[in-house]
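What follows is each chain in one-letter form.
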Amino acid sequence: MLQQVQKTVQEFHMLEAGDMVIIGVSGGADSMCLLTVLQELAGLMELRLHVVHVNHLLRKEAEEEEHYVREFCDRQGIPCTVFRKDMETYAGELGCSIEEAGRSYRYECFEKVRIQEGAQRIAVAHHRNDRAETLLFHMLRGTGLRGLGSIPAVRGAIIRPLLYIGRNEIEAYLEEKQVYYYTDASNASDAYSRNVIRNQVLPLLENINEKAVNHITGVSDLAQEYWNYVEQQAMKLEQEYVTVHDSRWLLKEEGFSGQPKVVQRHVIYRMLSQAAGAAKDMEQTHIEQTQELLDKPVGKKVSLPYGLMGIRTYSGLEIYTKASQGEAEENHICPAAINVPGVTSVEGIGVLECEILDRSVIQEISKKLYTKMLDYGKINTTLCIRNPMHGDYFIINRQGERKKLSRFFIDNKIPKEQRESALVVAAGSQICWIIGMRISEDLKITEATEQVLQIKFQYKGEEYE
């Protein structure tokens, strides 16, 4: 167990000596295994551990589980923070399933403690079987390469050290270590789709081939490799064939139609995700419907998730949003100081993640719409995320010439409703980055840059699993 976890940690560069790790622990087998094995690893890598337990107040056993996790951590001398939330009520407030609300709240709690404690990583207990279940679940819903990649080993600050460990191995390890764990009775119920896959489909597949789970997760590994490669190719084509104008994503057909179909689909996927500001509900069928427009007469349309519309034009494809038709919803936010480094949540909209990097380790400057790199040495005040305000200005060239942000929007034909709800990263009245657009010219990376501030913005609902 320890050797396999060490191998996974090293392969995916999950941890460094001296790191503090927030561990999500429910009291079940998976999380108790994660906690126990990270205790072993902590002795080898001088890691500092901090447990977070979330009581969803859904089952009578929840109080026992909370007490057990607290007591276990006390005995081991590990700090433990407990959150309690009526998840049934919370799910009703959010208008989503209890399962989805619970997952969202747990990660919110993990991130809150990570920031408070200055921790580098959040460790969660997904394992090989979870990964196989997720891949099958994605396939049933209709997915592409990204969905076939299933659960990633690393996503931002989140790490999954048990991702290459099977459920049977986890239970055997806990028995050997004589570590008690709770079994959630709801896992036996087939009321949830994932439970049907876990309790019926996977056992049936293992009857056919006892290594079925290993083979399924092997497909995930390959899919992630292919995804990374196709993503790089798609980004290159995107720069050549895709433009954004007045909240409309335009794809030029000339030259594009001769590119490999798999890369074409990936470019379209990126267009749809960027136009929507989310990727979670963007399924393979939506990508194919959009791609098929290229073979249809001018004027043909397709309705897509998040209120998007695709239309065949004379020059190619156009993806537009309700905002571009004057139907944008109010999206104003209260200004929030940005944690540098760290994560800043914008309630109801998304998350901003900042990381400080040495210039020497950066091989390529990000050209993504929602990932930007700034010269950190030129930032000498607190940054905040907010909507545009009167008096905002933008540096438009290397000579330091200023332009009012309002004038910049007008010159670039940004609709009035979009200007008001735009998100910006600001240092006082100076705009450093109009999120989804450009950065200030004076903050661009040069040969003299020593430290780089990498900023990523992720809209709410954009998930991998």
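Along each chain, the written sequence defines residue order, and numbers are assigned to residues from 1. Only residues with pLDDT of at least 70 are given local features in this predicted model, and only at 80 or more are side-chain atom pairs given and counted; all residues enter the totals for whole chains, interfaces and linings. Only hydrogens and water are removed before side-chain values are computed, so all heavy atoms of the structure are retained for them.

Quick look at the pairing of strand S20 (residues 430-434)
- By the criterion of burial, S20 is predominantly enclosed, with five of the five residues buried.
- Bridge count for strand S19 (residues 424-427) against S20 is four bridges, and the pairing is antiparallel. Paired with valine 425 across the bridge in S20 is tryptophan 433.
- In this analysis, strands are considered paired if DSSP registers two or more bridges between them. Counting from the N terminus, the helices are the DSSP runs of H or I reaching at least four residues and the strands are the DSSP runs of E reaching at least two. Remark: two residues form the turn of the hairpin made by S19 and S20, two consecutive strands paired antiparallel; glycine 428 in that turn has positive phi of roughly 70°. Note on classification: 1.4 Å probe, protein chains only; a residue is buried when its accessible area is under 20% of the maximum for its type, exposed when over 50%, partly exposed between these limits.

Quick look at the sheet that holds strand S21 (residues 451-459)
- An order of S13-S14-S21-S15 is seen for the four strands of this open sheet, with the pairing classed as antiparallel. Each edge of the open sheet carries a strand with a single partner, namely strand S13 (342-346) and strand S15 (371-375). Ignoring strand direction, the axes of neighbouring strands in this sheet form an average angle of 20°. Axis geometry follows a simple rule: fit a line to the C-alpha atoms, using only the stretch in contact for helices, then measure angles between N-to-C directions, giving values from 0 to 180 degrees.

A short note on the packing of aromatic side chains
- Pairing of aromatic side chains here covers Phe, Tyr and the six-membered ring of Trp, requires ring centres within 6.5 Å, and sorts the geometry by plane angle: under 30 degrees stacked, over 60 edge-to-face, intermediate tilted. For the structure on display, the rule yields 11 aromatic pairs.
- Relative to tyrosine 269, the ring of tryptophan 227 lies with its centre 5.6 Å away and its plane at 80°, an arrangement referred to as edge-to-face. Here tyrosine 269 lies in helix H11 (residues 261-276) and tryptophan 227 lies in helix H10 (residues 212-241), a separation of 42 residues in the sequence.
- Under the relative-accessibility criterion, tyrosine 269 is labelled buried at 9%.
- Ring-pair connections join several aromatic residues into one group, and the members of that group are Tyr68, Phe72, Tyr180 and Tyr182.

Notes on the packing of helix H9 (residues 193-208) against H10
- Axis separation between H9 and H10 bottoms out at 8 Å; the angle between their running directions is 105°. What the angle tells us is that H9 and H10 run roughly perpendicular. Mapping the contact onto sequence places Leu202, Leu205 and Glu206 in H9 and Ala212, Val213 and Ile216 in H10.
- Residue type decides the class: Asp, Glu, Lys and Arg count as charged, Ala, Val, Leu, Ile, Met, Phe, Trp, Tyr, Cys and Pro as nonpolar, and the leftover types, Gly among them, as polar. When grouped by side-chain class, the residues that make up the contact of H9 with H10 number five nonpolar, no polar and one charged. The cut-offs work like this: below 35 degrees is roughly parallel, past 145 is roughly antiparallel, 65 to 115 is roughly perpendicular, and the gaps in between are oblique. Throughout, a residue-residue contact means that at least one pair of heavy atoms, one from each residue, lies within 4.5 Å.

Quick look at the nonpolar core
- Residues Leu251, Leu352, Val425, Ile435 and Phe457 are the most contacted members of the largest nonpolar core, which totals 48 residues.
- For this core, the element with the most residues is H11, which contributes seven residues.
- Excluding anything up to four places from it in sequence, valine 425 contacts Ile338, Leu352, Leu383, Cys384, Gln430, Ile431, Cys432, Trp433, Ile435 and Ile455.
- Judged by nonpolar contacts, the second largest core, of 39 residues, contains Ile23, Leu34, Phe72 and Tyr182. Put simply, a nonpolar core is a bunch of buried Ala, Val, Leu, Ile, Met, Phe, Trp, Tyr and Cys residues held in one set by side-chain atoms that sit within 4.5 Å of each other.

Considerations on the side chain of glutamate 66
- Here glutamate 66 lies in helix H3 (residues 62-76).
- On the basis of relative accessible area, glutamate 66 is assigned to the buried category, the value being 7%.
- In contact with glutamate 66, not counting residues within four places along its chain, are His53, Asn55, Val82 and Arg84.

Regarding the sheet that holds strand S7 (residues 242-245)
- Pairing within the open sheet is antiparallel, and its five strands lie in the order S7-S8-S11-S10-S9. At either margin of the open sheet sits one strand with a lone partner, and together these are S7 and strand S9 (301-304). The average angle at which neighbouring strand axes cross in this sheet is 20°, direction not considered.
- Summarising the sheet, S7 and strand S8 (residues 248-252) pair through four bridges and their orientation is antiparallel.

Some words on the packing of helix H2 (residues 29-45) against H3
- Viewed as axis vectors pointing N to C, H2 and H3 meet at an angle of 5°, and their least axial separation amounts to 13 Å. Comparing their axes, H3 and H2 come out roughly parallel. For the pair formed by H2 and H3, the contact residues are Met32, Leu35, Thr36 and Gln39 on the first element and Tyr68, Phe72 and Gln76 on the second.
- Classifying every residue of the contact of H2 with H3 gives four nonpolar, three polar and no charged.

Focus: the pattern of salt bridges
- By convention in these notes, a salt bridge is any Lys or Arg side-chain nitrogen within 4 Å of a carboxyl oxygen on Asp or Glu. Counted by the stated rule, this structure contains 22 salt bridges.
- Its salt-bridge partner being arginine 75, residue glutamate 71 comes within 3.6 Å of it at the nearest N-O pair. Note that glutamate 71 and arginine 75 are positioned in helix H3 at a spacing of four residues, about one turn of the helix.
- The class of glutamate 71 is partly exposed, set by a relative accessible area of 37%.

Let's talk about the environment of threonine 382
- Mapped onto the elements of the fold, threonine 382 is located in the loop between S15 and strand S16 (384-386).
- For the pair threonine 382 and isoleucine 338, spaced 44 residues apart in sequence, the C-alpha separation works out to 7.3 Å.

Here's the deal with the side chain of glutamine 430
- With respect to the helices and strands, the residue glutamine 430 is situated in strand S20.
- With relative accessibility at 15%, the residue glutamine 430 sits in the buried group.
- We call two N or O atoms a polar contact when they sit within 3.5 Å, provided that within protein one can donate a hydrogen and the other can accept it, with sequence-adjacent residues counted only if both atoms are side-chain atoms. Within the local environment of glutamine 430, its side chain forms a polar contact with the side chain of serine 440, the two groups lying 3.4 Å apart.
- In contact with glutamine 430, other than residues within four places in its own chain, are Tyr393, Ile395, Val425, Ser440 and Asp442.

Focus on the confidence of the model for the chain
- Scored from 0 to 100, pLDDT reflects the predictor's confidence in each residue. On average, residues of the chain score 88 in pLDDT, and 94% of them reach the 70 mark or higher.
- Note on residues 326-331: pLDDT is under 50 here. Beyond four places in sequence and across chains, it has eight contacts.

Topic: the environment of proline 79
- Note on placement: proline 79 falls in the loop between H3 and strand S3 (80-84).
- A sequence separation of 30 residues divides proline 79 from leucine 49, and the C-alpha atoms of the two residues are 7.3 Å apart.
- Those residues within four positions of proline 79 in sequence are excluded, and the remaining contacts are Leu49, His50 and Val51.

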